[in-house]
Structures are given as C-alpha cells and as structure tokens.
Amino acid sequence: MSDAMWDGAPSVDSGAAHGGLTDLGWLVRADSESVLALLPDAESAEERLAAAVYRASVDVHRKQNAGQRRFVLAVDAARFGDRDLAARLAAVDVPGTPSVGWQVAWATGSPADVRLLRTLTGHEGWVTAVDTAVAGGRAVAVTGSRDNSVRTWDLATGREVCPPLVCPTDARTSQTAEVEYVATATVDGRDVALLLERLGREKRVLLLDLADGSLAGECVRVVDVAELDGRRVVLTVEDDRTLRLWSVATGEEIGSALPARILASPDDSPVAVSAEFGGAVRLWDLAGGVLEPAWVDAAGKLFDARASAVVVDGRLVAYACDAGDIVGLHDGETAVAVVGDLAAACGRSSGEVVPVSQLVEVAGRPVTLVREAGGSLRVWDRAEGCRGGGNGWVVRTSELCGQLIRLPAKHRNQEDWTWQLAHPIAILDEDVSARQRSARVVGTDVVGGRVLRLTTDADQTVRLWDADTGAAVGERLAGHTDRVRAAAAVAVNERVVAVTAGLDQTVRVWDVATGRPIDAPLNGHTAQVWDVATATVDGRPVAVTAGADRTVRVWDLGEASGGHRPVFGGHDEAVLAATTTTLQGRPVVVTAGADTTVRTWDLATGAPVVETIATEVCGMVAAEVGGRAVVVTAAPDATIRRWDLASGQEIGQAMAGHTGRILALASAEVEGRSVVVTGGSDGTAQVWDLATGRQLGQPLTGHTSRITALAIAHVNGRALVVTGSWDKTVRLWDVTTGRQVGEPLTGHTDWVTSVSTTMLNGHPIAVTASRDATVRTWSLLDREQIGEPLPCPAGTVRSMATVVNGNSPYLITSCGSEGVSVRDLATGAEIGSPLAFPSPVHSVLAASEGRLVVGFGREIAVLSAR
C-alpha cells in the first residue's frame, strides 16, 4: 500500500458518467477504490446485486487486471444465482485482452453473502486478533497477524489509516515477535491499542497510538493493571524478579519493588503482595511502603497471591486464577476465622486444585479468600478470631456462600473463576458446576448498560452471563461444529445479538433471547476464524472478523433477511475430487469434499439430484456397473468402497489391497467388465473388478516410488494404464495382462504430479505434468515424446484435464492458485489470460459436450465454451 493511501483517500473516478453500478464495463475496468466508494449508494435491486457481486471477492480481483477481474465477477454473479449477469460480465470488452472463451453455466455459492460490506487485505499470514475503537471520530479496527505485523483500518473506507507496525526481530535468535492479543482503550484522553506481543517465552505489551500509529509506550511481562492516583498503571515482573510499575499513558517506569500482584485493600487503596527470597510475603502499597508482613509456615515456604478483586457495577467480586502454588495467606497480625466454604468447582479437570488468596471486603468486614489444597475456597475473617497455640490457628466458622460466575481471562489459555460474594446464594449443583468448570470466556461487551460475559463450553455452545448478577442471559447458542474461538455481543434493533466465530470457518449471528440463529451463517472466510469484534460504522452495527485466510471481513448486522442469496450451497470444506457420470439419463457431476461428504449435481442446472453420501474420501471416480451409476471412493485407510449413486447405499464389502494411501484412481470398460485401477504410496497399481469386488491379477509393480497419478486409454483395441510417479518416470501397462508395455518414459526431472489421456490429430496421446514446472506430451503408439516440453511459469501443476471442443483439444491446468490456464494442445499456445476464480482451484475435470468442471475452495463451477 502506498503512502498516499495513508495521507488521504485516492481520487475517485465517479461512475456517474458511466452509468454507475449498472454499467458493467465500468465495474470491470474501473479502479477498485472508485467502485468501492460507490457501493454504499446502491439503491435499486439491480444496483444492490451488482454491489454484492463486486464485494464478494474484491480481495482477489482488486489485485488483478481488468481481464481477470471480468471472469471473477462473472463467477460471483453465478454464485448469486444470476446466470444472465454472469454471461454479460464475461462478455465485457477489455481493450487489449481477448474475449473470455468460456462462460459460467452455474456455480455453487456457499461463501457468497450479501451482508459482506468489506474485505480488508494486506496481512500475509493468519489474522488472529482484532478489536475496534473510535479514534478521531472514525470507527477503526486494529488487527494482529502471524505475519508479525499490526494494522489499523478505517472501517468506513476499508483503507489503512497509518503504516503497519512491524514486530521486531531478535538479533540473537533471528526470531520475530508475534502479536497474540489486541485490545483498545482510552487512556488520559488518548485512543490506544494494547498489543500483547510474544517472542519465545517472553511477552511484552505495546501501546499503539491510534491517532497516528506510533508507539505510545511499552511494558513487559504484564502481571496486573490498576488505578494509582487517577492514573492507569501496569505491574510487570522482569527476569531478575524485580517488580516494576509503568504508566499506561506514557509507557514510563514509575517505580520498582519485588515480584508482586496488585490487590484491592478494604479501604480501596491499591496494594501489592510480593514474595521475597528467603523471607516473608509482604503487602506493599504502590508507592513502595510496606503495609504489613504476611504469615509464612514453619518451613519458610513463600506464598504469592494469584487473584484480583474486581468491582462490577458497584458489586465486589473475587477473581481467582488457575495458576500458582499458594496454600494460604494471612496478615500475621490478627487471628483468622473461617467465614464460609464455597464449592470446590475451581479444580482442574484432572482433579488437581491450586489454592488462591485475595484480600477483600464483604458485608463491611475485611476478609481474605483462601483456596486450600482440598479444593475449597474459604473466606477468612481478618477482624475476628483469636490466636491459637503453637500448632496453628483457632478458627470460627459462620455461613457465607457464593455463586460461580466468570470474568474474562487475562490470557487465552488461562482458566479464570469468580465468585459473587454479596449475597448468600445456594451452591450450584454438581452438574452445573461440572459444566462451568469446562467453560471458557470468549468475549466481554457492554450492551444496554449491562456488562455481558460470553462463555463457550466443551460442546461448542455459547452462553451469555450478566456480570452484575451472575445470571444467564437468554438461551444457549448451539450450532458450531468446532471450537468457538471468540464471541461478541451488540444491540441490533433493540435486541441483544451475539456474533460467534469458530474453527469451523463460520461466523454465526444469534438472537440471544430465543437462542436461534439470525439468518444463515456469515459465509466468506475460507479458513478458520480466530477473532471477532463489533463496531458502529455510519450508524449501523457491524461485525469485524479475523481469519486464517489472511483477511479481515466487515459484515452488516442490520441487513434484513432475503435479498440476493446463492441458489445452491457448496461443500462445507474444500472440494478434493470430482468426477462425471450419467444418472437416470442425465449427466451429473459428483464432488467429494474435506467435509467427508460426496454430493451429486445436475451438470446442466447445478441442482442437487440425490442424497448426500457421508464418507471420508481422498480419491474418487465414477463407473457403470450392471446398468447403474456407481461411485468408487478411496479412503485414507487405503480401503476402496463402491456406492450406488441413486440410493447412496454402499455396494458389497470394502476392497483392500494397498499397503499405503491410495493417491490416484481411474475407471474403464475392459473386455466387457467395469474395472477401476488404483495407484498408491506403496508404489503399486492394482486393477479391481467392480462387479465382484475382487482384484484382477497381481499388482502392477515397477515404479521405485509412490504412484501419484494415472489415466486409462484404449490403444489399438487394448486398454492401457498410464502411471506417473515420484521416481520421475511415466510407465504404460496392459490392463489385461498386467505387464508393463515398453520402457519407462523419461524426461521429467522431478515428481510426476498429473496424467491425462486424449486424442490429438487422431492419435492417442498422454499428457503429463511434473513438479519440474513442465508439461510433456507422449505418443501412446510409439511411446515417444511429442515436441518440446511446455513451461508452466506458475509452478507445479496441481490438477490437469484435456477438453475437446469441436475438433480442438484444450489443455486445462491449475497450479493451486486462483487461476486456471487454457492452452491449445496442438500448438501449446496459451489462449487468453488465465481464468481467475475467487478461491484457490483444487481440481479441474473434463465433462460432456466440452464443458469444464472447476472445484475452487468449497465450491464448484461448470464452464461451457462460448
């Protein structure tokens, strides 16, 4: 991003002279910033659709030329179900760029969402932390990434407001620090972001001034935060166990003492507890004076407080942390009395408990909270009791109970517990206590004047709790299928709405009162979602999400249901394989995803046609057995299964023979029998009779390493298997006899990754691609290479297909990026620019009538030649 972007908005080429958002030529050719500036002004249904299409993949096409953007927009229009718009976009004239030779017949659209407002791109690694603030009168987001940078974004424009902050690299270890956590605050009238940065085992906190992006201060090893003389201060501990006090506003050191924790004394003065080497635990005020010594056992064991007192809406609660090794804390001057026993609900899952202590005031009495080795949290009265004999203290017990509630953890992996001490409330029952033990705070927000804590449980459900009363708010939110990483709450149209983000790659919006989702999940991230925050932009509530796909996405939470929605959903995870066949007289495409499902689509319309098959697949091919369409799948455990496509039922028993993972499959008719050929990491190819489920003959052996690709061709009336391997060779095998045909075909200088067979000028050929970034063509008649290798500048070919349109054979290749290259197989010349897609392309497949099936991200698109 140029410095001009930070100095102010770029000049906007108004679309008014070009017909605005309805001028497709302007949408394709105009600068992306110019188009994005007009999207909020969309009014008519046609304009709103154009805006949704443009936003859907702007993070991809804003970096591309007009020719590539043209095709991405066409794909996105098809994802929203408007095939006419897709065709018109593909036909837009781009001077100096040939017309696209393909049009999008249909596409699935699971990640396409009309509620997406902006996609913020710039990070080169996973975006793992985000928070929002209002700085200088504008809503901003601060993001931290594993690319070791922190960026600040204007949420209204989507532009960065200042240069990114790059984390330092340690000169000794050459390791670069990473930002683990981001929080925003206002300190002494300045809007700042607090960045928790980690380098190895070392942690520090940086203060980023949101006005100009400069560092406002730095602290290391944060222990706690408190108020001192009206100033926010941070307490840290250094390697030499020195306690240091820092000003949050300036980052300057105020003073130092011994390692300690900040506590709250009964008269509300800030107090620190420190542990000296070989001495007693002492209480310090933050100015450095000793208030009173603390008790130490006969062995001289030192105790360190691991708790804080917190006031929420005027009510005092005790904040206890599952860390440390405290047995008890006494003031050393007065006897103590057991005031009450709280349930041992704060033990670790293994049953081990870690005691904690805290000096607080309850019902006007100064007390100390002690968590004992047995797992109980005891409340000790400091004003009553009497000194005991030489064997210990004499204590007196009275009733005081509490209800378990939660406050946010200081660190992401830390279990924190709080007890409400204001009222005698019954102890939670065992079942509830067990659930609370497994809960984890994933967000805290103020909604309608109430502080709400959002917690998630082991079953991925989310609950909201009122921090004042400890009572649950609304219903349990259930729907995520993997760990919930973050959550936020906000008011939308006078109702409390929760936004949750999880490792299942979804962002979900909930009506807290009913526990029901509001519309479909916010689809757009193509990888795990790590953090979420809420903000108000131009008067409307938005959610800001950070993902492992390197993007930050902004969502409109006030968007009404309906509008332009994708017609068909795709897979929930990446498409791994695709094959075509005929089912009940109509051509279909069958796809397998990492979501362990196999789905079938009408090749002409894109409509799902049969029930989904639930199975884990690493390879797949279609065949016809006994007049019915069958799908053959290979599982990670090297078993091969046959499925009746119409009913979704498995046929017979699983077939097993490989001793390693199956990496390639192909099917054919051989002497009237339907067979499938499999190649695996054990270096063998095997032939299977699909009617009987039995292996035909012996394994095909000869490769010295794993077989990564194979295809079947018919040459002079006999079926040949063409295999490619890590041993850099291509080999031909007679399916009937199981023997190798001729010598290995050599020429590739690295692993062979793809094999395809077709006809060229009436002769059968094989096309192979390799990790050496070349594509080679071989005659299957004389087993010689045809012409010179075709270079693949984009790198290793991940997927390859040959498509015949009329008399012209085309070579289609994908290198795992967002582009698909189309070449004339006869000349090797590339036809136009690569076809660009919204997500990385995992598979390409030739289909009937010259059509092409492309699996990109979690979705499928079918292209037809123009």
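Let me sum up the structure you'll find in this document. (Residues numbered from 1 in each chain as written. Predicted model: local features only at pLDDT ≥ 70, side-chain atom pairs only at ≥ 80, totals over all residues. Heavy atoms only, no water.)

Moving on, we come to helix α6 (residues 66-79). If you check α6, its first and last C-alpha atoms are 20 Å apart, about what 14 residues at 1.5 Å a residue would give, namely 20 Å. The buried fraction of α6 is high, at 14 of 14 residues. Where α6 terminates, the next one or two residues include Gly-81, which has phi positive at roughly 90°. (Helix = DSSP H or I, 4+ residues; strand = E, 2+ residues; numbered from the N terminus. Expected span 1.5 Å × (residues − 1). Buried < 20%, exposed > 50% of the residue type's maximum accessible area, 1.4 Å probe, protein only.)

To continue, consider the sheet that holds strand β45 (residues 650-656). A sheet is described by the order of its strands in space; here four strands give the open sequence β42-β43-β44-β45, paired in antiparallel fashion. Across the chains shown, the open sheet's two edge strands, defined by having one partner strand only, are β42 (619-625) and β45. Neighbour-to-neighbour, the strand axes of this sheet turn through a mean angle of 20°, independent of strand direction. (Pairing = 2+ DSSP bridges. Axes fitted to C-alpha atoms, helices over the stretch in contact; angles between N-to-C directions.)

Moving on, we get to the sheet that holds strand β2 (residues 116-121). Overall, antiparallel pairing links the four strands, which are arranged β2-β37-β36-β35 in an open sheet. Edge positions in the open sheet fall to β2 and β35 (529-537), since each of these has one partner strand only. For this sheet, the mean inter-axis angle between neighbouring strands, taken without regard to orientation, is 20°. Where β2 lies against strand β37 (residues 551-556), five bridges are found, and the strand directions are antiparallel. By the bridge assignment, Leu-120 is partnered in β37 with Val-552.

With phi around 50°, Gln-584 is a residue other than glycine that occupies positive phi space. Tracing the backbone through its elements, the reader meets Gln-584 in the loop between β38 (575-583) and β39 (586-593). With a phi angle near 75°, Ala-638 is a residue other than glycine that sits in the positive phi range. Within the secondary structure, Ala-638 sits in the loop between β43 (628-634) and β44 (639-644). Owing to a relative accessible area of 7%, Ala-638 belongs among the buried residues under this scheme.

With that settled, the discussion passes to the side chain of Asp-602. Relative to the helices and strands, Asp-602 is located in strand β40 (residues 597-602). Assessed through its relative accessible area of 9%, Asp-602 is described here as buried. A polar contact is formed between the side chain of Asp-602 and the backbone nitrogen of Thr-605, at a distance of 3.2 Å. Each residue touching Asp-602, except ones within four places of it in the same chain, is listed here: Trp-106, Arg-586, Pro-587, Val-588, Ala-607 and Val-609. (Polar contact = N/O pair within 3.5 Å; in protein donor to acceptor, adjacent residues only side chain to side chain. Contact = heavy atoms within 4.5 Å.)

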